[in-house]
Amino acid sequence: MNPALHSRWYIEKENKVFQFTIVAIWGSGFLDKYRVNDYELQYDHTPAIQRIPAEKLRDLINTGMVKLLG
């Protein structure tokens, strides 16, 4: 699953649920050579924006630690 701009997600840590929104997507390349490098996340509980490498977010999704809010 590839996170889309403004999609909502959540992560469970230490019996707490943290929700966040993808607020920016950083990429490089063009057409078939385009790749996503980083995502910017806005957690609901803080105004700070966190930048995370695309590979790390993909791994968190694939292992089930991060889930689509729906």
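This text follows the structure it describes.
Residue numbers here run from 1 along each chain, matching the order of that chain's written sequence. Under the rules for a predicted model, residues below a pLDDT of 70 receive no local features and side-chain atom pairs below 80 are neither given nor counted, while totals for whole chains, interfaces and linings still include all residues. Processing note: side-chain calculations cover all non-hydrogen atoms of the structure and skip hydrogens and water entirely.

Turning our eyes to something else, we now look at the packing of aromatic side chains. Ring pairs shown here join Phe, Tyr and Trp side chains whose ring centres sit within 6.5 Å, with only the six-membered ring taken for Trp; geometry is labelled stacked below 30 degrees between planes, edge-to-face above 60, and tilted in between. If you walk through the whole model with that rule in mind, you get one aromatic pair. When the centroid spacing of 5.2 Å and the interplanar angle of 55° are considered together, the rings of Phe20 and Tyr43 count as tilted. Of this pair, Phe20 sits in strand β2 (residues 16-28) while Tyr43 sits in strand β3 (residues 35-43); the two residues are 23 residues apart in sequence, bridging distant segments of the chain. For a ring to carry a charge above it, either NZ of a lysine or CZ of an arginine must fall within 6 Å of the ring centroid while also lying within 35 degrees of the normal to the ring plane. It is Arg51 that lies over the ring of Trp26; its NZ or CZ is 4.1 Å from the centre. The way it works is that DSSP assigns letters per residue, a run of H or I at least four long becomes a helix, a run of E at least two long becomes a strand, and they are numbered from the N terminus.

Trans is the prevailing form of peptide bonds, just as negative phi is the prevailing case for residues other than glycine. The residue His6 is not glycine, and still its phi comes out positive at about 70°. With respect to the element layout, His6 can be found in the segment before β1 (8-13). Between buried and exposed lies partly exposed: a residue is buried under 20% and exposed over 50% of the maximum accessible area for its type, with that area taken using a 1.4 Å probe on protein chains only. A relative accessible area of 55% means that His6 is categorised as exposed. Look at Glu14: it is not a glycine, yet its phi comes out positive at around 50°. In this fold, Glu14 is placed in the loop between β1 and β2. Relative accessible area serves as the criterion here: at 75%, Glu14 is assigned to the exposed category.

A separate point is the environment of Asn37. Structurally, the position occupied by Asn37 is in strand β3. Asn37 gets classed as partly exposed once you look at its relative accessible area, which sits at 21%. On a C-alpha basis, the gap between Asn37 and Ala4 in space is 13 Å, while along the polypeptide they are 33 residues apart. Contact between two residues is taken to exist if any of their heavy atoms lie within 4.5 Å; hydrogens are not considered. Aside from chain neighbours lying at most four places away, what touches Asn37 is Trp26, Gly27, Ser28, Pro53 and Ala54.

Further remarks concern a nonpolar patch on the surface. Distance thresholds for patches are 9 Å for like charges and 5 Å for nonpolar side chains (Val, Leu, Ile, Met, Phe, Trp, Tyr), applied to residues having over 30% relative accessible area and no salt bridge. Areas reported as accessible are Shrake-Rupley estimates using a 1.4 Å probe. Residue values count occlusion only from the protein chains shown. Each salt bridge in this description consists of a side-chain nitrogen of Lys or Arg and a carboxyl oxygen of Asp or Glu lying within 4 Å of one another. Together, Leu5, Ile25 and Tyr34 make up a nonpolar patch on the protein surface, roughly 260 Å² of accessible area in all. Residue placement: Tyr34 occurs in the loop between β2 and β3.

To continue, consider the pairing of β1. DSSP-based pairing: two strands are paired if at least 2 bridges between them are found. As judged from the six bridges shared by β1 and β2, these two strands associate in the antiparallel manner. In the sheet register, Ile11 faces β2, and the bridge partner there is Phe18. Counted between consecutive antiparallel strands, the loop separating β1 from β2 contains two residues, among which Glu14 sits at a positive phi close to 50°. In this structure, β1 lies alongside strand β5 (residues 66-68), joined through three bridges in antiparallel fashion. Bridge pairing in β5 places Trp9 opposite Leu68.

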